[in-house]
Amino acid sequence: MTSTVPAPPAAANSIGVPTAARRTPAPRGGRRRRLLLRLLALVVLYGLWEVAARVAGNPTFIPPPGAVWHQLVQTSTTHDGIRGYSGHLLIEHLGVSLRRILIGSVIGVAGGVLLGVVMGTVSGIRVVVEPVVTFVRALPPLAYFSLFIIWFGIDETPKLWLLSIAALPPVAVATAAAVHSAPTGLVEAARALGAGRARVIRDVVLPHALPEIFTGVRIAVGVAYSSVVAAETINGVPGIGGMVRDAQRYSQTDVVILGLFAIGLSGLIIDALLRSAEKRLIPWRGQI
């Protein structure tokens, strides 16, 4: 009689997750296929854009891709004594906007994490503050930007305030939800071992909440990007949003589209960097 030997259990990693359950990198064939599909999609979109521009027959309504490319060259160089757009190169406009977005996002994320931790750990504060955060999140940026202009003038301060306030609610909500849902068993075990409130938050609650917090950070940066045009409505040149608003006043649709491409592509790059940082800093995401 042949006896069967049960297969040994899969080896577990340092946090108790079976090695077999860990995510494996996608095969090269899958990556190549995704790349080809994306390139095909870009070609199709380019073709549709070209056809739409020719059917419209009005470059002010739908400029052809060649016109946008021409503006890219014009705004990136000095020609006939004219430097870029409104005296600044395209890279300078984008750099100023990215600096504003970076400062506003950092302030908003820091404030959102701090507020979210307090909301998630103190129920009384959460009951009072959560409706306020939800109220601010529902407001369009221009609704309170006018108020900031009255309070702080038309320099950098109201722009940074706008981006900071826009970036804060997504992080605060994500952090509060993640902190509030921390495993009760782990929290009680840490307290039983003598850990104080601050140490429980630092060693148990925050590591569990980090994946959701990082998701909130990515959303917050996206909100800051979408608010940059509103932030640069007043005295926004140099700035990519200011360039777009100025071009809109003079019906320079090709410059407007160029500015939108600059914002969108830089946003894709920043989001890719955030996703890469997330994989490195939170390797346990999806495994616990």
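Residues numbered from 1 in each chain as written. Predicted model: local features only at pLDDT ≥ 70, side-chain atom pairs only at ≥ 80, totals over all residues. Heavy atoms only, no water.

**Concerning a positive patch on the surface**
Just so we agree on the cut-off: What makes a patch is a set of residues exposed beyond 30% relative accessible area and free of salt bridges, joined within 9 Å when like-charged and within 5 Å when nonpolar (Val, Leu, Ile, Met, Phe, Trp, Tyr). The Shrake-Rupley method, run with a 1.4 Å probe sphere, supplies the accessible areas, and residue values consider only the shown protein chains as cover. Here a salt bridge means any side-chain nitrogen of Lys or Arg lying within 4 Å of a carboxyl oxygen belonging to Asp or Glu. As used throughout, the charge tally considers Lys and Arg to be positive and Asp and Glu to be negative, leaving His and the chain termini uncounted. Positions of charges follow a simple convention, taking NZ of Lys, CZ of Arg, CG of Asp or CD of Glu. Put simply, DSSP marks the helices as runs of H or I at least four residues long and the strands as runs of E at least two long, and each gets a number from the N terminus on. The buried label applies to any residue whose accessible area, calculated with a 1.4 Å probe on protein chains only, is under 20% of its type's maximum; exposed applies above 50%, and partly exposed to all values in between.
A surface patch of like charges, here positive, comprises Arg31, Arg34, Arg38 and Lys279. If you tally residues by element for the positive patch, the top one is helix α1 (residues 28–56), at three residues. Its location among the elements puts Arg34 in helix α1. A relative accessible area of 41% places Arg34 in the partly exposed class.

**Section: the packing of aromatic side chains**
The criterion, for reference: Aromatic rings from Phe, Tyr and Trp, with only the six-membered ring used for Trp, were paired whenever their centres fell within 6.5 Å, and each pair was classed as stacked if the ring planes differed by under 30 degrees, edge-to-face if by over 60, and tilted otherwise.
The full count for this structure, using the stated rule, is seven aromatic pairs. Taken together, a centroid distance of 6.2 Å and an interplanar angle of 45° make the contact between Phe148 and Phe152 tilted. A residue pair is termed a helical-turn pair when its members lie 3 or 4 positions apart in one helix, as Phe148 and Phe152 do in helix α5 (residues 141–152) at four residues. Connected via pairs of aromatic rings, a cluster forms that spans Tyr144, Phe148, Trp151, Phe152 and Trp161.

**A few points about unusual backbone geometry**
Cis geometry is adopted by the peptide bond preceding Pro238, which originates at Val237 and carries an omega value of 5°. Residue position: Pro238 is located in the loop between α8 (197–231) and α9 (240–249). Of note in the backbone geometry, Asn235 takes a positive phi value of approximately 50° without being a glycine. A positive phi is found at Ser251, a non-glycine position, where the angle reads about 55°. Turning to its location among the elements, Ser251 is positioned in the loop between α9 and α10 (253–281).

**Topic: the nonpolar core**
Heads up, the condition is: What makes a nonpolar core is a set of buried Ala, Val, Leu, Ile, Met, Phe, Trp, Tyr and Cys residues whose side-chain atoms join them at distances within 4.5 Å. The contact definition used throughout considers only heavy atoms, calling two residues in contact when any of these lie within 4.5 Å.
Core analysis: the biggest nonpolar cluster contains 48 residues, and Ile101, Leu162, Val187, Val200, Val205, Ile240 and Met243 have the highest contact counts within it. Looking at which element gives the most residues to this core, the answer is α8, with 15 residues. Ignoring any residue separated from it by four or fewer positions in sequence, one finds Val187 in contact with Ala182, Val200, Val204 and Val205. If you look at the next biggest cluster of nonpolar residues, it comprises five residues, including Met119, Val129, Ala172 and Ala176.

**Some thoughts on α5**
We count it as follows: The length a helix should cover is 1.5 Å for every residue beyond the first. This arc corresponds to the set of directions leading from the helix axis out to the C-beta atoms.
Between its first and last C-alpha atoms α5 spans 16 Å; for twelve residues at 1.5 Å apiece the expected length is 16 Å, and the two agree. Taken as a whole, α5 has its buried residues at Tyr144, Phe145 and Phe148. One side of α5 carries all its buried residues, which in axial view fall inside an arc of 120°. Residues of α5 that are exposed and angled more than 90 degrees away from the buried face: Leu142 and Ile150. Buried positions along α5 lie against α4 (123–138), α6 (156–180) and α8. Of the residues trailing α5, Gly153 is marked for its positive phi of about 90°.

**Thoughts on the side chain of Glu50**
Considering the arrangement of structural elements, one finds Glu50 in helix α1. In this view, Glu50 contacts Pro64 and Pro65; residues no more than four positions away in its chain are not counted.

**Let's talk about the UniProt feature "transmembrane region" (unreviewed entry) in the protein**
The criterion, for reference: UniProt positions are given in the numbering used here, feature names are shortened, and annotations may be inferred rather than shown by experiment.
Within this numbering scheme, the UniProt entry marks residues 35–56, 101–122, 134–154, 160–179 and 255–274 as carrying the feature "transmembrane region" (unreviewed entry). Secondary structure within residues 35–56 divides into 100% helix and 0% strand; the distance between the first and last C-alpha atoms comes to 31 Å. Structurally, residues 255–274 comprises 100% helix and 0% strand, and the distance from its first C-alpha atom to its last is 28 Å.

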